[in-house]
Amino acid sequence: MKLLLLVSFLSLWRRSDGTGAAPIKVLVKEGDEAILPCSFSSENIRQELFDWKKDKDKKDMKEVFMYDKGNERNSAQDEQFRGRVFHFPEHLDEGNASIVIRATKLTDSGNYTCLFPLLVPERRSNVELVVGAAPKPSATILDGTTVWARLRCSVHGAFPKPDVQWQNRAGDIVPAEEPQVSERGGRYDIILQTTVTKTDHYRCVSTQEEINHRIYTETYVPVHVLASRGGVLWVIVLLEEDIGSNQALSTGYGMALQNGVIAFLI
Ligand SMILES: *[C@@H]1O[C@H](CO)[C@@H](O)[C@H](O)[C@H]1NC(C)=O
Ligand SMILES: *[C@@H]1O[C@H](CO)[C@@H](O)[C@H](O)[C@H]1NC(C)=O
(Lines give C-alpha, C1' and ligand atoms only; values in the text may rest on other atoms or scores of the structure.)
(Ligands and ions follow the chains in the order given, each with its own letter.)
Protein backbone atom coordinates (compact mmCIF):
# COMPACT_ATOMS: atom_id res chain seq x y z
CA MET A 1 0.00 0.00 0.00
CA LYS A 2 1.27 3.40 -0.89
CA LEU A 3 0.34 6.57 0.84
CA LEU A 4 0.56 9.97 -0.65
CA LEU A 5 -0.04 13.24 1.05
CA LEU A 6 -0.98 16.28 -0.87
CA VAL A 7 -0.95 18.95 1.73
CA SER A 8 -1.52 22.51 0.84
CA PHE A 9 -2.98 24.32 3.78
CA LEU A 10 -3.17 27.93 2.85
CA SER A 11 -2.28 30.01 5.82
CA LEU A 12 -4.33 32.89 4.64
CA TRP A 13 -6.43 34.17 1.86
CA ARG A 14 -8.40 37.31 1.34
CA ARG A 15 -11.73 37.60 -0.31
CA SER A 16 -13.82 40.58 -1.09
CA ASP A 17 -17.27 40.77 0.46
CA GLY A 18 -18.32 43.64 -1.74
CA THR A 19 -18.43 46.17 1.10
CA GLY A 20 -14.91 47.40 0.57
CA ALA A 21 -13.75 45.83 3.81
CA ALA A 22 -11.80 42.64 3.33
CA PRO A 23 -12.83 39.91 5.74
CA ILE A 24 -9.89 37.62 6.14
CA LYS A 25 -10.01 33.89 6.36
CA VAL A 26 -7.27 31.97 8.11
CA LEU A 27 -7.01 28.23 7.61
CA VAL A 28 -4.77 26.00 9.68
CA LYS A 29 -4.36 22.38 10.56
CA GLU A 30 -5.14 21.28 14.12
CA GLY A 31 -2.08 21.75 16.34
CA ASP A 32 -0.46 24.40 14.16
CA GLU A 33 -0.35 28.05 15.14
CA ALA A 34 -2.70 30.61 13.61
CA ILE A 35 -1.83 34.27 13.10
CA LEU A 36 -4.93 36.46 13.16
CA PRO A 37 -4.03 39.70 11.38
CA CYS A 38 -5.21 43.13 12.45
CA SER A 39 -3.74 46.38 11.24
CA PHE A 40 -5.54 49.61 10.34
CA SER A 41 -2.69 51.98 9.69
CA SER A 42 1.05 52.19 10.24
CA GLU A 43 0.61 54.53 13.22
CA ASN A 44 2.09 53.51 16.54
CA ILE A 45 -0.53 51.77 18.75
CA ARG A 46 1.66 51.20 21.80
CA GLN A 47 -0.50 53.64 23.84
CA GLU A 48 -3.83 52.34 22.56
CA LEU A 49 -6.23 49.66 23.73
CA PHE A 50 -7.20 46.76 21.53
CA ASP A 51 -9.30 43.75 22.26
CA TRP A 52 -9.85 40.45 20.47
CA LYS A 53 -13.14 38.57 20.91
CA LYS A 54 -14.39 35.32 19.46
CA ASP A 55 -17.92 35.06 18.06
CA LYS A 56 -18.70 38.55 19.30
CA ASP A 57 -22.34 38.65 18.29
CA LYS A 58 -23.20 35.24 19.63
CA LYS A 59 -24.29 33.98 23.06
CA ASP A 60 -21.06 32.04 23.49
CA MET A 61 -18.84 35.07 22.90
CA LYS A 62 -15.37 34.61 24.38
CA GLU A 63 -12.68 37.03 25.44
CA VAL A 64 -9.48 36.15 23.61
CA PHE A 65 -6.87 38.83 24.27
CA MET A 66 -6.67 42.42 25.46
CA TYR A 67 -3.81 44.90 25.21
CA ASP A 68 -4.01 48.19 27.10
CA LYS A 69 -1.25 50.82 26.90
CA GLY A 70 1.71 48.54 27.35
CA ASN A 71 0.00 45.85 29.40
CA GLU A 72 -1.83 42.66 28.64
CA ARG A 73 -5.16 42.62 30.47
CA ASN A 74 -6.22 39.06 30.40
CA SER A 75 -8.10 38.54 33.66
CA ALA A 76 -11.28 38.10 31.61
CA GLN A 77 -9.61 35.83 29.06
CA ASP A 78 -11.56 32.66 28.40
CA GLU A 79 -10.09 29.45 29.79
CA GLN A 80 -9.90 28.06 26.26
CA PHE A 81 -7.19 30.56 25.31
CA ARG A 82 -5.15 30.66 28.49
CA GLY A 83 -1.44 30.53 27.76
CA ARG A 84 -1.93 30.10 24.03
CA VAL A 85 -2.45 33.65 22.72
CA PHE A 86 0.30 36.20 22.17
CA HIS A 87 0.62 39.51 20.40
CA PHE A 88 3.66 40.98 18.65
CA PRO A 89 5.13 43.72 20.89
CA GLU A 90 7.86 44.45 18.36
CA HIS A 91 5.25 45.38 15.72
CA LEU A 92 3.11 47.77 17.80
CA ASP A 93 5.04 50.75 16.46
CA GLU A 94 3.87 49.82 12.97
CA GLY A 95 0.23 49.67 14.04
CA ASN A 96 0.13 45.89 14.05
CA ALA A 97 -2.37 44.39 16.53
CA SER A 98 -2.17 40.85 15.16
CA ILE A 99 -2.21 37.90 17.56
CA VAL A 100 -1.04 34.32 17.31
CA ILE A 101 -2.96 31.35 18.73
CA ARG A 102 -0.61 28.46 19.39
CA ALA A 103 -1.51 24.76 19.34
CA THR A 104 -4.88 25.33 17.70
CA LYS A 105 -7.85 23.10 18.48
CA LEU A 106 -10.92 22.44 16.34
CA THR A 107 -12.96 24.44 18.84
CA ASP A 108 -10.89 27.55 18.08
CA SER A 109 -12.71 27.72 14.73
CA GLY A 110 -14.95 30.76 14.58
CA ASN A 111 -15.18 34.44 13.84
CA TYR A 112 -12.77 36.74 15.63
CA THR A 113 -13.10 40.49 16.00
CA CYS A 114 -10.18 42.85 16.53
CA LEU A 115 -11.50 45.99 18.18
CA PHE A 116 -10.13 49.43 19.08
CA PRO A 117 -13.11 50.53 21.24
CA LEU A 118 -11.64 53.85 22.43
CA LEU A 119 -10.82 55.27 19.05
CA VAL A 120 -13.29 57.63 17.42
CA PRO A 121 -14.62 56.27 15.24
CA GLU A 122 -14.21 52.84 16.77
CA ARG A 123 -12.22 50.47 14.55
CA ARG A 124 -12.83 46.81 14.12
CA SER A 125 -11.99 44.05 11.71
CA ASN A 126 -13.06 40.46 11.42
CA VAL A 127 -11.10 37.30 10.83
CA GLU A 128 -12.62 33.91 10.27
CA LEU A 129 -10.52 31.06 11.60
CA VAL A 130 -11.02 27.51 10.39
CA VAL A 131 -9.04 24.83 12.17
CA GLY A 132 -9.14 21.59 10.22
CA ALA A 133 -8.38 17.97 11.03
CA ALA A 134 -7.33 15.97 7.98
CA PRO A 135 -6.74 12.33 8.91
CA LYS A 136 -5.53 9.98 6.19
CA PRO A 137 -8.13 7.59 4.83
CA SER A 138 -7.66 3.88 5.35
CA ALA A 139 -8.47 1.46 2.55
CA THR A 140 -9.20 -2.25 2.99
CA ILE A 141 -10.25 -5.11 0.74
CA LEU A 142 -13.26 -6.51 2.55
CA ASP A 143 -14.02 -9.51 0.44
CA GLY A 144 -13.51 -10.78 -3.08
CA THR A 145 -13.47 -13.56 -5.61
CA THR A 146 -11.48 -13.84 -8.78
CA VAL A 147 -13.84 -11.46 -10.57
CA TRP A 148 -14.71 -8.83 -8.06
CA ALA A 149 -13.41 -7.23 -4.91
CA ARG A 150 -15.26 -5.26 -2.32
CA LEU A 151 -13.38 -2.25 -0.99
CA ARG A 152 -13.93 -0.10 2.04
CA CYS A 153 -12.54 3.32 2.70
CA SER A 154 -12.81 4.92 6.14
CA VAL A 155 -11.95 8.42 7.25
CA HIS A 156 -12.08 8.99 10.99
CA GLY A 157 -12.32 12.27 12.88
CA ALA A 158 -12.16 14.74 10.00
CA PHE A 159 -13.20 18.40 10.08
CA PRO A 160 -14.59 20.08 8.03
CA LYS A 161 -16.67 17.23 6.61
CA PRO A 162 -14.67 15.69 3.77
CA ASP A 163 -15.90 14.59 0.39
CA VAL A 164 -14.74 10.98 0.01
CA GLN A 165 -14.35 9.20 -3.35
CA TRP A 166 -12.94 6.03 -4.80
CA GLN A 167 -10.83 6.57 -7.91
CA ASN A 168 -8.82 4.30 -10.15
CA ARG A 169 -5.22 5.04 -10.96
CA ALA A 170 -6.19 7.09 -14.00
CA GLY A 171 -8.12 9.36 -11.63
CA ASP A 172 -11.59 8.33 -12.83
CA ILE A 173 -14.26 8.21 -10.16
CA VAL A 174 -15.31 4.66 -9.35
CA PRO A 175 -19.05 4.47 -8.63
CA ALA A 176 -19.58 3.67 -4.96
CA GLU A 177 -22.41 3.08 -2.53
CA GLU A 178 -24.02 5.88 -0.55
CA PRO A 179 -21.43 7.04 2.02
CA GLN A 180 -22.13 6.28 5.68
CA VAL A 181 -21.60 9.50 7.57
CA SER A 182 -21.57 9.96 11.33
CA GLU A 183 -20.59 12.88 13.54
CA ARG A 184 -19.23 12.96 17.07
CA GLY A 185 -17.79 15.92 18.89
CA GLY A 186 -17.82 18.03 15.72
CA ARG A 187 -15.72 15.49 13.79
CA TYR A 188 -16.88 13.34 10.93
CA ASP A 189 -16.47 9.63 10.29
CA ILE A 190 -17.13 8.52 6.73
CA ILE A 191 -17.25 5.02 5.30
CA LEU A 192 -17.46 4.49 1.55
CA GLN A 193 -17.73 1.04 -0.01
CA THR A 194 -17.50 -0.06 -3.60
CA THR A 195 -17.18 -3.21 -5.66
CA VAL A 196 -14.62 -3.32 -8.45
CA THR A 197 -14.06 -5.87 -11.19
CA LYS A 198 -10.74 -4.80 -12.68
CA THR A 199 -7.24 -5.19 -11.39
CA ASP A 200 -5.91 -1.71 -10.69
CA HIS A 201 -4.48 0.59 -8.08
CA TYR A 202 -7.46 2.14 -6.33
CA ARG A 203 -7.35 5.35 -4.39
CA CYS A 204 -9.54 6.50 -1.60
CA VAL A 205 -9.48 10.29 -1.82
CA SER A 206 -10.62 12.62 0.97
CA THR A 207 -11.10 16.25 -0.05
CA GLN A 208 -11.78 19.20 2.27
CA GLU A 209 -12.43 22.19 0.03
CA GLU A 210 -12.71 24.64 2.93
CA ILE A 211 -9.13 24.05 3.98
CA ASN A 212 -7.76 23.38 0.48
CA HIS A 213 -6.75 19.91 1.44
CA ARG A 214 -6.69 16.57 -0.33
CA ILE A 215 -5.21 13.33 0.90
CA TYR A 216 -5.41 9.81 -0.44
CA THR A 217 -4.48 6.24 0.30
CA GLU A 218 -3.77 3.92 -2.61
CA THR A 219 -4.14 0.19 -2.59
CA TYR A 220 -3.42 -2.46 -5.22
CA VAL A 221 -6.39 -4.71 -5.93
CA PRO A 222 -5.56 -7.81 -7.98
CA VAL A 223 -8.82 -8.92 -9.54
CA HIS A 224 -8.07 -11.66 -12.09
CA VAL A 225 -10.95 -11.47 -14.47
CA LEU A 226 -11.76 -15.00 -15.53
CA ALA A 227 -8.27 -16.40 -15.58
CA SER A 228 -8.69 -19.99 -16.77
CA ARG A 229 -8.81 -21.57 -13.34
CA GLY A 230 -10.50 -18.56 -11.88
CA GLY A 231 -13.27 -18.73 -14.43
CA VAL A 232 -14.28 -22.16 -13.30
CA LEU A 233 -13.98 -21.27 -9.68
CA TRP A 234 -16.16 -18.25 -10.20
CA VAL A 235 -18.85 -20.21 -12.02
CA ILE A 236 -18.98 -22.73 -9.20
CA VAL A 237 -19.30 -20.03 -6.59
CA LEU A 238 -22.03 -18.34 -8.57
CA LEU A 239 -24.00 -21.54 -9.11
CA GLU A 240 -23.82 -22.43 -5.46
CA GLU A 241 -24.97 -19.04 -4.32
CA ASP A 242 -27.66 -18.43 -6.89
CA ILE A 243 -28.78 -21.90 -7.73
CA GLY A 244 -32.43 -20.92 -8.08
CA SER A 245 -31.70 -18.04 -10.40
CA ASN A 246 -31.89 -18.49 -14.16
CA GLN A 247 -30.05 -15.25 -14.65
CA ALA A 248 -27.05 -16.48 -12.71
CA LEU A 249 -27.07 -19.81 -14.52
CA SER A 250 -27.06 -18.27 -17.97
CA THR A 251 -24.34 -15.83 -16.97
CA GLY A 252 -22.37 -18.76 -15.70
CA TYR A 253 -22.71 -20.66 -18.96
CA GLY A 254 -21.79 -17.64 -21.06
CA MET A 255 -18.62 -17.02 -19.10
CA ALA A 256 -17.74 -20.67 -19.10
CA LEU A 257 -18.06 -20.88 -22.88
CA GLN A 258 -15.68 -18.00 -23.36
CA ASN A 259 -13.14 -19.88 -21.34
CA GLY A 260 -13.68 -23.20 -23.08
CA VAL A 261 -14.66 -25.02 -19.93
CA ILE A 262 -18.23 -25.80 -20.88
CA ALA A 263 -17.52 -29.50 -20.52
CA PHE A 264 -16.85 -28.98 -16.87
CA LEU A 265 -20.24 -27.48 -16.31
CA ILE A 266 -22.26 -30.07 -18.25
C1 LIG B 1 1.76 41.96 11.65
O2 LIG B 1 2.59 41.03 12.32
C3 LIG B 1 2.36 39.67 11.99
C4 LIG B 1 3.25 38.81 12.86
O5 LIG B 1 4.61 39.06 12.67
C6 LIG B 1 2.65 39.48 10.50
O7 LIG B 1 2.37 38.14 10.15
C8 LIG B 1 1.80 40.43 9.70
O9 LIG B 1 2.11 40.30 8.33
C10 LIG B 1 1.98 41.86 10.15
N11 LIG B 1 1.03 42.71 9.46
C12 LIG B 1 1.38 43.76 8.74
C13 LIG B 1 0.29 44.51 8.08
O14 LIG B 1 2.56 44.08 8.63
C1 LIG C 1 -18.27 33.06 10.58
O2 LIG C 1 -19.39 33.84 10.27
C3 LIG C 1 -19.95 33.54 9.01
C4 LIG C 1 -21.06 34.55 8.76
O5 LIG C 1 -21.86 34.72 9.90
C6 LIG C 1 -20.45 32.11 9.04
O7 LIG C 1 -21.01 31.76 7.79
C8 LIG C 1 -19.27 31.18 9.31
O9 LIG C 1 -19.71 29.84 9.41
C10 LIG C 1 -18.59 31.58 10.60
N11 LIG C 1 -17.36 30.79 10.70
C12 LIG C 1 -17.13 29.92 11.67
C13 LIG C 1 -15.86 29.16 11.57
O14 LIG C 1 -17.89 29.76 12.62
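All of these numbers come straight from a predicted model, not from anything done at the bench.

Looking now at the overall build of the chain. Helix and strand counts for the chain come out as 3 helices and 19 strands. Within the chain, contacts between residues at least 6 apart in sequence are counted, and of these 59% link residues at least 24 apart.

Bringing the sheet that holds strand β12 (residues 138–144) into the picture now. Strand order in this open sheet of 4 strands is β12-β13-β17-β16, and the pairing throughout is antiparallel. Bordering the open sheet on either side are β12 and β16 (180–184), each of which pairs with just one other strand. On average, each strand axis in the sheet is inclined to that of its neighbour by 20°, with strand direction left out of account. Taken together, the 8 bridges between strand β13 (residues 149–158) and strand β17 (residues 187–196) define a ladder with antiparallel strand orientation. Residue leucine 151 lies in a different strand from β17, and its bridge partner there is threonine 194.

The next subject is the environment of lysine 54. Along the chain, lysine 54 turns up in strand β5 (residues 49–54). It is 9.6 Å that separates the C-alpha atoms of lysine 54 and phenylalanine 65, two residues lying 11 residues apart in sequence. Contact partners of lysine 54, with chain neighbours within four places excluded, come to Met61, Lys62, Val64, Gly110 and Tyr112.

This paragraph deals with the site of ligand 1. Around ligand 1, the neighbouring residues are Ile35, Pro37, Ser39, Phe88, His91, Asn96 and Ser98. Across the shell around ligand 1, the residue classes tally to 3 nonpolar, 4 polar and no charged.

Turning our attention to the confidence of the model for the chain. Overall, the prediction assigns the chain a mean pLDDT of 80, with 76% of residues at 70 or greater. This stretch, residues 1–20, has a pLDDT under 50; its non-local contacts, to residues over four places away or in other chains, come to 33 contacts. The low-confidence segment residues 225–266, where pLDDT is below 50, has 38 contacts with residues more than four positions distant or belonging to other chains.

With omega at -5°, the peptide bond leading from valine 120 into proline 121 counts as cis. With respect to the helices and strands, proline 121 occurs in the loop between β10 (110–116) and β11 (123–132). The phi dihedral of lysine 69 falls on the positive side, at around 45°, and the residue is not glycine. Of the residues examined, lysine 69 has 10 C-beta atoms within 10 Å and is grouped as exposed.

Another aspect to go through is the site of ligand 2. In the vicinity of ligand 2, the contacting residues are Ser109, Gly110, Asn111, Glu128 and Val130. Every element with two or more residues in the shell around ligand 2 is listed here: β10 and β11. Residues that form the shell around ligand 2 fall into these classes: 1 nonpolar, 3 polar and 1 charged.

Here we take up the pairing of β11. In this sheet, β11 lies alongside strand β3 (residues 24–29) in parallel orientation, the contact comprising 6 bridges. Bridge pairing in β11 links valine 26 to leucine 129. In this structure, β10 lies alongside β11, joined through 7 bridges in antiparallel fashion. Opposite cysteine 114, over in β11, you have serine 125 as the bridge partner.

Okay, the sheet that holds strand β4 (residues 34–36) next. With antiparallel pairing, the 3 strands of this open sheet are ordered in space as β4-β9-β8. Edge positions in the sheet fall to β4 and β8 (85–87), since each of these pairs with one other strand and no more. On average, each strand axis in the sheet is tilted by 25° relative to the strand beside it, whichever way the strands run. Two strands pair when backbone bridges link them, and β4 and strand β9 (residues 99–101) are joined in this way by 3 bridges, in the antiparallel orientation. Considered in β9, the bridge of alanine 34 is made with isoleucine 101.

To continue, consider the pairing of strand β6 (residues 62–68). Every other side chain in a regular strand lies on the same face of the sheet, so the side chains alternate between the two faces. Sheet analysis places β5 next to β6, joined by 6 bridges and oriented antiparallel. Along β6, the bridge assignment pairs aspartate 51 with methionine 66. Relative to strand β7 (residues 71–72), β6 runs antiparallel, the two being bridged by 2 bridges. Bridge pairing in β7 links tyrosine 67 to glutamate 72. Counting the residues between successive antiparallel strands, the hairpin from β6 to β7 contains 2 residues, one of them, lysine 69, with a positive phi of roughly 45°.

Reading the values: rules and limits
- Residues numbered from 1 in each chain as written.
- Chains lettered and ligands numbered in written order.
- Predicted model: local features only at pLDDT ≥ 70, side-chain atom pairs only at ≥ 80, totals over all residues.
- Helix = DSSP H or I, 4+ residues; strand = E, 2+ residues; numbered from the N terminus.
- Contact = placed C-beta atoms within 7 Å.
- Pairing = 2+ DSSP bridges.
- Axes fitted to C-alpha atoms, helices over the stretch in contact; angles between N-to-C directions.
- Near = placed C-beta within 6 Å.
- Nonpolar A, V, L, I, M, F, W, Y, C, P; charged D, E, K, R; others polar.
- pLDDT = per-residue confidence, 0-100.
- Buried ≥ 20, exposed ≤ 12 C-beta atoms within 10 Å, placed from the backbone.

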